[in-house]
Number of protein chains: 4
Amino acid sequence: MIIVLKSEATKEQIEQFAKELTSEHKVSVNEWTGSQSTVLGLIGDTSEIDIDYIGAQDIVESVKRVQEPYKKANRKFHPENTVIEVEGVKIGDGSTVIMAGPCSVESNEQLLEVAQKVKASGAQFLRGGAFKPRTSPYAFQGLRTQGLEIMLHAKEKTGLPIVTEIMSADHIDLFKDVDIIQVGARNMQNFELLKALGHLDKPILLKRGLSNTIEETLMSAEYIMAGGNEKVILCERGVRTFETYTRNTLDISAVPAFKKLSHLPVIVDPSHAAGIPWMIEPLSMGAIAAGADGLMIEVHNNPKKALSDGAQSLTPEQFDKIAKKVFELKSALSKIK
Amino acid sequence: MIIVLKSEATKEQIEQFAKELTSEHKVSVNEWTGSQSTVLGLIGDTSEIDIDYIGAQDIVESVKRVQEPYKKANRKFHPENTVIEVEGVKIGDGSTVIMAGPCSVESNEQLLEVAQKVKASGAQFLRGGAFKPRTSPYAFQGLRTQGLEIMLHAKEKTGLPIVTEIMSADHIDLFKDVDIIQVGARNMQNFELLKALGHLDKPILLKRGLSNTIEETLMSAEYIMAGGNEKVILCERGVRTFETYTRNTLDISAVPAFKKLSHLPVIVDPSHAAGIPWMIEPLSMGAIAAGADGLMIEVHNNPKKALSDGAQSLTPEQFDKIAKKVFELKSALSKIK
Amino acid sequence: MIIVLKSEATKEQIEQFAKELTSEHKVSVNEWTGSQSTVLGLIGDTSEIDIDYIGAQDIVESVKRVQEPYKKANRKFHPENTVIEVEGVKIGDGSTVIMAGPCSVESNEQLLEVAQKVKASGAQFLRGGAFKPRTSPYAFQGLRTQGLEIMLHAKEKTGLPIVTEIMSADHIDLFKDVDIIQVGARNMQNFELLKALGHLDKPILLKRGLSNTIEETLMSAEYIMAGGNEKVILCERGVRTFETYTRNTLDISAVPAFKKLSHLPVIVDPSHAAGIPWMIEPLSMGAIAAGADGLMIEVHNNPKKALSDGAQSLTPEQFDKIAKKVFELKSALSKIK
Amino acid sequence: MIIVLKSEATKEQIEQFAKELTSEHKVSVNEWTGSQSTVLGLIGDTSEIDIDYIGAQDIVESVKRVQEPYKKANRKFHPENTVIEVEGVKIGDGSTVIMAGPCSVESNEQLLEVAQKVKASGAQFLRGGAFKPRTSPYAFQGLRTQGLEIMLHAKEKTGLPIVTEIMSADHIDLFKDVDIIQVGARNMQNFELLKALGHLDKPILLKRGLSNTIEETLMSAEYIMAGGNEKVILCERGVRTFETYTRNTLDISAVPAFKKLSHLPVIVDPSHAAGIPWMIEPLSMGAIAAGADGLMIEVHNNPKKALSDGAQSLTPEQFDKIAKKVFELKSALSKIK
């Protein structure tokens, strides 16, 4: 950590401040005096030092971290890729996983039909929403507990492990048979929820928030990991920008960034990123070519009757075509050195 | 609601679609045929129609709402300002309220000292954080339950009603003696929390999310109000943009926008918006002149020792100067017609 | 164009307004009366109607375009891809073109070395900056006219056609031997420059502005095309968001969007998008897989001595490796149906 | 300037790099070695060192400026406010100036009527557009040279000095009798134009770009000042964000930021910021209370017939009411200490 002091800081103030730093933290302090300002360099473990606290000191002009503030999620301290295995399917091992299914679970028939079809197309996971975060209190809020039962029923029939979103720590018990618990973009900084999930022994799919940085996303992963649960899958699903043609702007750079900074698997959700069915194919192809470990895609047996997000869902037939292309692309990429 | 259909939509498809709309919703449908497309106009209560559902239809090119999707928060259906009274203090009645106090509650002594000083300067509410949302799991997370006790103790001693943030619906019972419950920016779309707060009879201070639109903020207010709790106070606290000089960008336009679209009181938090202590004065003055009903300002007896957000806190002396100016400004504004 | 009128609009006002619309524009007007508002639908050529003018009418609540405001750039009126041929190289015909070279032209030796190497790696165009837009007036501003001469010299020696940026309509005569004139992101809405370029018979590479929408980019292409020059190449180079890890955020969705809305070729500049050399490979792969017609990549013989943008430049060796992968990917993609 | 080196940098590399820095720039270098990295501190004039060049060095992890990169615009080197006097009216001296008039100049009659009315309401400058930057090539482009003549005619008749926008360095001669030349948001980084304006002896009103930072705006001011023309007026006119209710988001924080960092006068344009006529009053009041030196407001004698931006223009009567309130507010503020 590098601390630039104000030009008016006196020698006594600087000495006093340096003394506090070394006594309160496991760091040593180096001082270097420039023409306009003095700079302090902190050596040691600075990840637990509050950068705001430092910035608040009267004599401090600015502060800059040299170390990243996350440890467990940091590739520096865990150079190999984390591979998460769920019911025999590996995520993060260099293969491509696809999680497909409807935005909302609507009925046993609907989900089973979709599950069978996406499985036939090669999807390894069934996704579906039971608890639905909706902007409007008047919109369909999901089948909730009943929706989870339908998900489990579809799993039983098809063998596909399931991924579904949790909206409150209160519901954790209900999710005990879910294979991967999803944290939605709007809850990425619901820290009480993250802490609770940190005590489970179950993979968590963490979606990046609408306007959260790459670092903040890794800090939310760190919340879960700090509790002991290191099975975190990162998901890029588009960020909010000024552009209105697409629902969000897919930040494709987040894929290589997450892979570089962290050892966690990274998947991409092109359905929510674009909000436009015909754009799912090019974005899926782009995501895989850029290095994503998998995709999460909305598929509905009857998109125009979907109770939510129908506008961006694919039919099983459209999905089949894309899945084929994605797997062919992956196969080709594995031969390009 | 206006629905533009694709040029290739057939007469049969259009008729079929119109029939569905009228049978499933309390609306009538008007059709108008242009040179390149047909347009349907829906008359009636469209607030419960899912715009995504409409957009997902094969024959639909685009959809546009004419009515706002919020009802209880909408000034059109509630023309008078909502005035919320807390322990005799009115919010939204044309006066200026100031909520002041430390980011984090740290001890009885700290909070009492701050409370007495901000009261002397004219603040009508004591704010303070017991449960703290922090980006890092390694940062101070607040004194939690003990922090609430310290808040209540300071209330008892000074008579100042208290405002403090809730982070989970699980904690609602702990907040039963809190005067105003705050929903932080990161939880603005924690819908399970909003629903739970909708069942209370207690004012809720709802902070706008970092990248949530004005309409989304009103929809989150609607979540609370739809549950029966109409005592919602909106709070603009800066949105996330590309600018890095300030911590966030205060969206001053949100003040007149919220006042125009809604009947709810609107306060501004210049401390979190800028993250720079010297900027709190000009932003406070600007917010009041633009029509805000009040301010929420961070004040700490010893900012450089604050356990969180010290960098943006004012000393009680700095706060006193600003509060004086703000009240003088308000008095002057009341004479300008 | 659909115009929603305010509920208080009188019958006389509406009639009067409709009469004006039909007399001043080549449109007919359809009226449809809802429960809360009246809606007018305009049929005919509305691309020359000023949407702001309509919105300014006292009785107008809101306006919505149904037609896109661009015509010459619009795929609807020009379904086939535009293919631009430069010195025998085709852009937009389904192949992949790479434009490579240094950010700034620095000397004959430097440019020639880079040109020979990128040519050997398969680049079909030499890019290089002679006139440099720099944020600081104290930064190196480019070799200007001398830089153009060095570019032409490198073209003569290697046969590579050249791409270089223009910063003012004043300089057009200097660019007469340049093969493709680039309009930089900061000049994307320098309308006087766009108009001047519209009178040339030379390909223009138009970079999307830092915070310009997809539609605005197409409108800037339309400026050039409206003058008679239909040889426009669109370039996505990252937009400005809140994310700070990358220099900009590459909007990969813009690639399929531009291809869908327009018939113009689309290339991607991963160097400026990320500003990070190691990210150029994954972003290049992603861009090609998402459907881009080509790439523009910064290559410098000695990045750490580059006079500008060295931080994001590749060495010729790094570039060679990426170009190989990109061409192999393209070959594989051509076999995936 | 502080340079953090990579952990793998060797002693020889560091020595070599430090030697280069001291030989090529007027700086001395201090070295400090931490547990994970070595840090170099540069002392001296670093404003001409290219931060990208430093960042491109193989051994460099990151770079941080301690000094601002602007000098002539920097309040540190010019502590007193710059006051610009135009035809006897002072800008930046603590008073409030208002520049009012139509978006586009349309005719002698129109402009004269508006000029007389805004003058009667207290405006000290007449604004009006002759050369108009329009997103669409099919929209009205301004009366251009004839528009300037109409502006000068209105000045002659009313005595109001005039402010109008330039779109190309080519047109400078045409602007010789204009009192204040405006650089629009879309040309804020048209560096060739800025350089040309730097050679004039005439006030330049520089609008902040749609997505330019505060620092970039000051760097554009520096471009003009570096050429010798130190009469720059900064103008905040809203930035582009995700919010769609307002046309742009007025960054009120930019007012105190510009005043703190720079000595230049700062005005606010609430008309373009919001794009909503009824919002001009609260934003004007907010801007003045936050410390702006003046306002630029669009006024049209007949907004619904305006050839551009009518949707956001005020009538002279509406403007009169706001101007009165603004001047009363300013008078009240001058008494608040």
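None of the values given here were measured: they were computed from a predicted structure.

Draft legend 1. Structural view of the interface of chain B and chain C. Counting from both sides, the interface comprises 22 residues of chain B and, opposite them, 22 residues of chain C. Counting the surface lost from both chain B and chain C, the interface buries some 1,800 Å², and carbon and sulfur atoms represent 69% of this. Contact with chain C buries surface across chain B, with B:Trp32, B:Ile43 and B:Lys64 losing the most and accounting together for 31% of the total. The interface formed by chain B and chain C contains two residue pairs in polar contact (both at pLDDT 80 or more). For the side of chain B that touches chain C, the secondary-structure elements that each account for two or more residues are strand S1 (2–5), strand S2 (27–33), strand S3 (38–44) and strand S4 (60–64) of chain B. In terms of residue count, S3(B) provides more of the side of chain B that touches chain C than any other element does, five residues in total. For the side of chain B that touches chain C, a count of residues per class yields nine nonpolar, 11 polar and two charged.

Draft legend 2. Spatial organisation of the relation of the copies chain B and chain C. With an RMSD of 0.0 Å, chain B superimposes on chain C once it is rotated by 180° and translated 0.0 Å along the axis. Given the turn and translation reported, the copies of this chain are related as if by a two-fold rotation axis. Residues of chain B ranked by C-alpha distance from the rotation axis are headed by B:Phe242, positioned 2.2 Å from it. By residue overlap, the copies meet face to face through one surface: 100% of the interface positions of chain B are interface positions in chain C.

Draft legend 3. Here's a closer look at the packing of helix H3 (residues 108–120) of chain A against helix H4 (residues 145–158) of chain A. All names here are of chain A. Direction vectors running N to C along H3 and H4 enclose 40°, while the axes themselves pass 9 Å from each other. When the axes of H3 and H4 are compared, the pair comes out oblique. Seen from above, H3 lies across H4 with right-handed handedness. Contact residues: Asn108, Leu111, Leu112, Ala115, Gln116 and Lys119 in H3; Ile150, Met151, His153, Ala154, Lys157 and Thr158 in H4. For the contact of H3 with H4, the class distribution of residues is six nonpolar, four polar and two charged.

Draft legend 4. Local environment of the interface of chain A and chain B. Residue-level contacts link 53 residues of chain A with 53 residues of chain B. Approximately 4,400 Å² of surface area, both sides summed, lies buried where chain A meets chain B, with 47% of it carried by carbon and sulfur atoms. The largest contributions to the chain A side of the interface with chain B come from A:Tyr138, A:Glu192 and A:Lys304, which together make up 16% of the buried area. On the surface where chain A and chain B come into contact, there are six salt bridges.

Draft legend 5. Molecular detail of the pattern of salt bridges. The final tally for this structure, using the stated rule, is 79 salt bridges over all chains. Among the salt bridges present, the one from C:Arg144 reaches D:Glu192, with a minimum N-O distance of 2.9 Å. In this pair, C:Arg144 sits in the loop between strand S8 (125–127) and helix H4 (145–158) while D:Glu192 sits in helix H5 (residues 191–197), so the two residues belong to two different chains. Across the pair D:Glu87 and D:Lys155 runs a salt bridge, and its minimum N-O distance is 3.3 Å. With D:Glu87 in the loop between strand S5 (84–86) and strand S6 (89–91) and D:Lys155 in helix H4 (residues 145–158), the pair connects residues that are 68 residues apart, well separated along the chain. Owing to a relative accessible area of 17%, D:Lys155 belongs among the buried residues under this scheme. Members of the salt-bridge network, linked through shared partners, are A:Arg208, A:Glu236, A:Asp251 and C:Glu243.

The rules behind each value
- Sequence order sets the numbering: in each chain, residues are counted from 1 along the sequence as written.
- As they are written, the chains are lettered A onward and the ligands numbered 1 onward, keeping that order.
- Local features are withheld for residues below a pLDDT of 70 in this predicted model, meaning they are given only at 70 or higher, and side-chain atom pairs are given and counted only at 80 or more; totals for whole chains, interfaces and linings count all residues.
- Excluding hydrogens and water, the side-chain figures rest on all heavy atoms present in the structure.
- Any two residues having at least one pair of non-hydrogen atoms within 4.5 Å are treated as being in contact.
- Once two parts are brought into contact, the accessible area they lose, counted with a 1.4 Å probe and summed over both, makes up the buried area.
- Polar contact criterion, stated in full: a pair of N or O atoms within 3.5 Å, where within protein one must be able to donate a hydrogen and the other to accept it, and residues adjacent in sequence count only if both atoms are side-chain atoms.
- Comment: elements are numbered from the N terminus, with helices defined as DSSP H or I runs of at least four residues and strands as E runs of at least two.
- The residue classification treats Ala, Val, Leu, Ile, Met, Phe, Trp, Tyr, Cys and Pro as nonpolar and Asp, Glu, Lys and Arg as charged. All others, Gly included, are polar.
- When the copies are overlaid, the least-squares fit takes in C-alpha atoms only where the residue has pLDDT of at least 70 in both copies.
- Axis lines are fitted to C-alpha atoms, over the contacting stretch for helices. Their N-to-C directions set the angle, which ranges from 0 to 180 degrees.
- Should an angle fall under 35 degrees it is called roughly parallel, over 145 degrees roughly antiparallel, and 65 to 115 degrees roughly perpendicular, with every other angle called oblique.
- Handedness of a crossing is defined here by the sense of rotation of the near helix relative to the far one, left-handed for an anticlockwise turn of less than a right angle and right-handed for a clockwise turn.
- Whenever a carboxyl oxygen of Asp or Glu lies within 4 Å of a side-chain nitrogen of Lys or Arg, that contact is scored as a salt bridge.
- The classification of residues rests on relative accessible area computed with a 1.4 Å probe and restricted to protein chains. Under 20% of the type maximum is buried, over 50% is exposed, and intermediate values are partly exposed.

It is worth stressing that arrangement in space is one thing and function is another; only the former is reported here.
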